[in-house]
Amino acid sequence: MTKRYLKEHNVPFEERNINQDPQYLDTLKKQGFQSVPVVMNEAMDPIVGFRPDSLKELVG
């Protein structure tokens, strides 16, 4: 749902799929995340899970 939201609002993103590339799961665990998706943006704190209220900030 997060990916669909970003696409519908024309927010560019880079997907790192933990099923296709398990090393990304290790990276997220080392950073303290326990669930996905995790949306990271330099201008704000990470968004964990499908959070349309927080994703609105990325739409601008």
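Residues numbered from 1 in each chain as written. Predicted model: local features only at pLDDT ≥ 70, side-chain atom pairs only at ≥ 80, totals over all residues. Heavy atoms only, no water.

Under an unreviewed UniProt entry, the name given to the protein chain is Glutaredoxin domain-containing protein, and the source organism is Companilactobacillus futsaii JCM 17355.

### Describing the packing of aromatic side chains
Applying the stated criterion across every chain yields a total of one aromatic pair. Ring centres 6.4 Å apart and planes at 70° place the aromatic pair tyrosine 5 and phenylalanine 50 in the edge-to-face group. Taken together, the positions of tyrosine 5 in helix α1 (residues 2-8) and phenylalanine 50 in the loop between β2 (44-48) and α3 (52-59) put the pair 45 residues apart, joining distant regions of the chain. With relative accessibility at 33%, the residue phenylalanine 50 sits in the partly exposed group. (Phe/Tyr/Trp six-rings, centres within 6.5 Å; stacked < 30°, edge-to-face > 60°. Helix = DSSP H or I, 4+ residues; strand = E, 2+ residues; numbered from the N terminus. Buried < 20%, exposed > 50% of the residue type's maximum accessible area, 1.4 Å probe, protein only.)

### Describing α3
Looking at α3, one finds that the buried residues are Ser54, Leu55 and Leu58. Looking straight down α3, one finds that the buried residues subtend no more than 100° of arc, so they occupy a single side. Opposite the buried face of α3, by more than 90 degrees, sit the exposed residues Lys56 and Glu57. Phi for glycine 60, located one or two positions after α3, is positive at around 80°. (Arc of directions from axis to C-beta.)

### As for the pattern of salt bridges
All told, the structure shown has three salt bridges when counted by the stated rule. When the shortest N-O distance is used, the salt bridge between glutamate 15 and lysine 3 registers 3.3 Å. Of this pair, glutamate 15 sits in the loop between α1 and α2 (23-30) while lysine 3 sits in helix α1, and the two are 12 residues apart along the sequence. Two residues, arginine 51 and aspartate 53, come together in a salt bridge whose shortest N-O distance is 3.0 Å. Take arginine 51: its relative accessible area is 37%, and that puts it in the partly exposed class. (Salt bridge = Lys/Arg side-chain N within 4 Å of Asp/Glu carboxyl O.)

### Quick word on the pairing of β2
Where strand β1 (residues 38-41) lies against β2, three bridges are found, and the strand directions are antiparallel. By the bridge assignment for β2, valine 39 is matched with isoleucine 47. Between β1 and β2, which pair antiparallel in sequence order, lie two residues. (Pairing = 2+ DSSP bridges.)

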